[in-house]
Amino acid sequence: MQRRTMLSLLSLLPIASWAQKAPSTLRIGYQKSSTLLTVLKVRGQLEQDLAPLGVKVTWHEFSSGLPLLEALNVGGVDLSADVADTVPVFAQAAGAQLTYFAQEAPSPSAQAIVVRADSPINSVADLKGKKIAVTKAAGSHYLLISALDKAGLRFKDIEPAYLTPADGRAAFERGSVAAWVTWDPYLAGVQNQSQVRVLADGRNVADYQRYYLASTAYATAHPEVLAVVFEALRKTGKWVKQSPKEAAELLAPAWGLDAKTVELANSRRSYAVRLVLKDALGEQQRIADAFYGEGLLPRKLDATAVPLWRLR
């Protein structure tokens, strides 16, 4: 499908009609790993871009993707910043009315299973019987399942400790768990600040594509607002990759990390924003099948049976 620029898209309707149709406020939910929307938030770019439509922006932070999509489903926010590919699968299983809005191309090395540098664990197979910190329904959860499967193990062969990223790192560093499965920028943070080894990352195991979602009601009613956001995300993704040092310096204070750590994290993310195509949802189906096979989803899903937003 040929993409249109924001200007050509918005030129299809008179400005007066956009303002009349647009809501007064766009409520955006995000988390610490929401790089592109954090850049837009710090710069105030969306506020500027949406001003001609009479739309204001409010920002709402969440600890991880699952509570973010829960808030989106119940009407607490209108648009979700990028969440790991696993999260929409859990939301779909719960019957959430959500629309896939945009996708970042795969970033498989941006999440990993880490152990302490002096750990006797040298392979994924050595995780059998061990307690492992992981965030439930995060991309790292699927990475762990897939890595265990590749090593000939089942998820039931380990003891999961379902923790938020902050609590997972604390448990990992005090030795309460044998390994921690996490994603950037948390991964870059522990690599730069602690003595750790990467046991496995997502390469050849889990693609790790991140998705932006909107409530289906909002996506249906306000496509002109989402068109502005999509173009802003696409341009920001290109800027982050083309200007890594400047992007790291901008994000460092917002994330409470040093610029070196942020630059490392950003180097492993693609930030290539694109439309979501139904025939490219194969990884979503594999994720759904894997979680169902481990008894972690209540029912079998058709992961492609989801509404997709389109540029009009």
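In case you missed it, the structure is sitting above this.
Bear in mind that the values here come from a model prediction, so they are computed numbers and not experimental data.

## Quick word on the pattern of salt bridges
The full count for this structure, using the stated rule, is twelve salt bridges. The partner of R286 in a salt bridge is E283, with the nearest N and O atoms 2.8 Å apart. Here E283 and R286 lie together in helix α14 (residues 282–293), a separation of three residues that amounts to about one turn. Judged by relative accessible area, which is 45%, R286 ranks as partly exposed. When salt bridges with common partners are traced through the structure, they connect D82, E104, R210 and R269 into a single cluster.

## Some thoughts on the nonpolar core
The biggest cluster of nonpolar side chains holds 43 residues, and the ones touching the most others in it are L26, L37, L46, F101 and L233. Grouped together as the second largest cluster of nonpolar side chains are 34 residues, A137, A178, A179 and F291 included.

## Digging into the sheet that holds strand β4 (residues 98–104)
Adjacent strands of a sheet form backbone hydrogen bonds with each other and so pair up, either parallel or antiparallel. With mixed pairing, six strands are arranged side by side in an open sheet as β2-β1-β3-β10-β4-β11. Either end of the sheet is taken by a strand with one partner, and the two such strands are β2 (56–61) and β11 (273–274). Looking at chain direction, β4 and β11 are connected through two bridges and run antiparallel. Residue pairing in the sheet places Q103 in a bridge with R274 of β11. Running at roughly 115° to strand β3 (residues 79–84), helix α6 (residues 86–93) makes contact with β3, β4 and β10 (210–215) of the sheet.

## A few points about the packing of helix α5 (residues 65–73) against α6
With their axes 9 Å apart at the nearest point, α5 and α6 run at an angle of 45° to one another. Relative to α6, the element α5 lies oblique. In terms of crossing hand, the pair formed by α5 and α6 is right-handed. In contact with G65, L66 and L69 of α5, α6 contributes V87, P88, F90 and A91. Its residues assigned to classes, the contact of α5 with α6 shows six nonpolar, one polar and no charged.

## A closer look at the pairing of strand β7 (residues 159–162)
In the sheet, strand β6 (residues 131–134) pairs with β7 via four bridges, with the strands oriented parallel. Note that in β7 the partner of V134 across the bridge is Y162.

## Re unusual backbone geometry
Across the junction of D184 and P185, the peptide omega takes the value 10°, indicating a cis bond. Relative to the helices and strands, P185 resides in the loop between β8 (179–183) and α9 (186–193). Located in the positive-phi region is N204, a residue other than glycine, with phi close to 65°. In this structure, N204 sits in the loop between β9 (196–201) and β10. N204 gets classed as exposed once you look at its relative accessible area, which sits at 76%.

## Some thoughts on the packing of aromatic side chains
Per the stated rule, a full pass over the model turns up nine aromatic pairs. When the centroid spacing of 4.9 Å and the interplanar angle of 80° are considered together, the rings of F90 and F291 count as edge-to-face. Placement of the pair is F90 in helix α6 and F291 in helix α14, with a sequence separation of 201 residues. An aromatic cluster of at least three residues, connected via ring pairs, comprises F90, Y142 and F291. Seen from the ring of W239, R43 lies directly overhead, with NZ or CZ sitting 3.9 Å from the centre. Lying over the aromatic face of F172, R116 brings its terminal NZ or CZ to 5.3 Å of the ring centre.

## Observations regarding helix α13 (residues 259–267)
Residues of α13 that are buried: T261, V262, A265 and N266. Buried positions in α13, seen along its axis, are confined to an arc of 130° and lie on one side of it. Where α13 is buried, its residues contact α3 (35–43), α9, α11 (223–242) and α12 (244–255). The opening residue of α13, the one whose side-chain oxygen lies 3.1 Å from the backbone nitrogen of K260, is D258.

The rules behind these values
- Residues numbered from 1 in each chain as written.
- Predicted model: local features only at pLDDT ≥ 70, side-chain atom pairs only at ≥ 80, totals over all residues.
- Heavy atoms only, no water.
- Salt bridge = Lys/Arg side-chain N within 4 Å of Asp/Glu carboxyl O.
- Helix = DSSP H or I, 4+ residues; strand = E, 2+ residues; numbered from the N terminus.
- Buried < 20%, exposed > 50% of the residue type's maximum accessible area, 1.4 Å probe, protein only.
- Core = buried A, V, L, I, M, F, W, Y, C linked by side-chain atoms within 4.5 Å.
- Pairing = 2+ DSSP bridges.
- Contact = heavy atoms within 4.5 Å.
- Axes fitted to C-alpha atoms, helices over the stretch in contact; angles between N-to-C directions.
- Parallel < 35°, antiparallel > 145°, perpendicular 65-115°, else oblique.
- Left-handed = near helix turned anticlockwise from the far one by under 90°.
- Nonpolar A, V, L, I, M, F, W, Y, C, P; charged D, E, K, R; others polar.
- Phe/Tyr/Trp six-rings, centres within 6.5 Å; stacked < 30°, edge-to-face > 60°.
- Lys NZ or Arg CZ within 6 Å of the ring centre and 35° of its normal.
- Arc of directions from axis to C-beta.
- Polar contact = N/O pair within 3.5 Å; in protein donor to acceptor, adjacent residues only side chain to side chain.

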